[in-house]
Amino acid sequence: KWLHGSSQEILSVVRGHVEVRQNFISEEEENALFKEVETGLRKKRYEFDHWDDAIHGYRETERLQWGVMCESILRRVRAVAFPEGSPLLGPIHVLDLDKEGYIKPHIDSVKFCGSTIAGLSLLSDSVMRIVPENKSTDWVDLLLSRRSLYILRDDARFKFTHEILKDEESFFSGQKVPRHRRISVICRNLPV
Ligand code: AKG
């Protein structure tokens, strides 16, 4: 499975607020997304040296207009991830993590983003760890397989930090999950 945690209690807290849908997109769809985001990313350089950034070893871009296949993927993401009628952030966030890159624990801005974060993972498997803000000895790991969609909602988004583990620390339930270059395509809604 894709969910593993430090205790049954913590799992029962997050269950219902986290979801991973494996193979949410096909290889053909992954390719289409990759081609489309690559043009925006190619112009950027990977950032490594901002020690205070939440993200290490990354470049990023945003995209508002998508081709037909990508638009239909994003429509599917919106349909499963967001409450009906929930206003969404227009531009889609694209984050390209280098093989050495990782995301440190953080909570997304409550000022700019709403209740739900939904992300597609391209090119590599990875492990997302979420940790309760008020009890840092607990943890829950999500196995984000390549081409999966993850969704963090409500408490999992507001009361837990989330992070993407670096390659050396990338284990799920004791099993190594090699972290290659990974691109995420992230949809968010707006705060109410
Ligand atoms: C964020 O943008 O807040 C993330 O943590 C992105 C996670 C991801 O790359 O899927």
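Here is a short report on the structure shown in this document.

**Looking at helix 3 (residues 68-81)**
With 14 residues, helix 3 extends 20 Å from end C-alpha to end C-alpha; this agrees with the ideal 20 Å at 1.5 Å per step. Listed in full, the buried residues belonging to helix 3 are Cys70, Ile73, Leu74, Val77 and Ala81. For helix 3, the arc enclosing every buried residue in end-on projection is 95°, short of the 170-degree limit, so these residues lie on one face. Set apart from the buried face of helix 3 by more than 90 degrees, the exposed residues are Val68, Arg75 and Ala79. The inward-facing, buried residues of helix 3 abut helix 2 (27-41), strand 4 (92-106), strand 5 (116-122), strand 8 (149-153) and strand 12 (182-188).

**Comments concerning the packing of aromatic side chains**
The tally for this structure, following the rule as stated, stands at zero aromatic pairs. Looking at Lys176, its charged tip hangs above the ring of Phe171, at a distance of 5.2 Å from the centre.

**Comments concerning the site of the ligand**
Around the ligand, the surrounding shell consists of Leu95, Ile103, His106, Asp108, Tyr150, His162, Arg182, Ser184, Ile186 and Arg188. The side chain of Tyr150 places a nitrogen or oxygen atom 2.6 Å from an oxygen atom of the ligand. Contact distances for the ligand include 3.0 Å between an oxygen atom and a side-chain N or O atom of His162. Contact with the protein chains removes 96% of the 300 Å² of surface that the ligand exposes when unbound. Secondary-structure elements contributing two or more residues to the shell around the ligand are strand 4 and strand 12.

**Regarding unusual backbone geometry**
Of note in the backbone geometry, Arg147 takes a positive phi value of approximately 75° without being a glycine. When you line up the elements, Arg147 lands in the loop between strand 7 (140-144) and strand 8.

**Looking at the state of the cysteines**
Evaluation of the coordinates by the stated rule reveals zero disulfides. There is no disulfide at Cys70, and the cysteine sulfur nearest it, in Cys187, is 11 Å away. Judged by relative accessible area, Cys70 falls into the buried class, the value being 1%. No disulfide involves Cys113; its nearest neighbouring cysteine sulfur is the one of Cys187, lying 12 Å away.

What counts, and where the lines are drawn
- Residues numbered from 1 in each chain as written.
- Predicted model: local features only at pLDDT ≥ 70, side-chain atom pairs only at ≥ 80, totals over all residues.
- Heavy atoms only, no water.
- Helix = DSSP H or I, 4+ residues; strand = E, 2+ residues; numbered from the N terminus.
- Expected span 1.5 Å × (residues − 1).
- Buried < 20%, exposed > 50% of the residue type's maximum accessible area, 1.4 Å probe, protein only.
- Arc of directions from axis to C-beta.
- Contact = heavy atoms within 4.5 Å.
- Phe/Tyr/Trp six-rings, centres within 6.5 Å; stacked < 30°, edge-to-face > 60°.
- Lys NZ or Arg CZ within 6 Å of the ring centre and 35° of its normal.
- Near = heavy atom within 4 Å.
- Polar contact = N/O pair within 3.5 Å; in protein donor to acceptor, adjacent residues only side chain to side chain.
- Areas by Shrake-Rupley, 256 points an atom, 1.4 Å probe, with all protein chains shown as cover.
- Disulfide = S-S within 2.5 Å.

The values reported here are purely geometric and, on their own, carry no functional implication.
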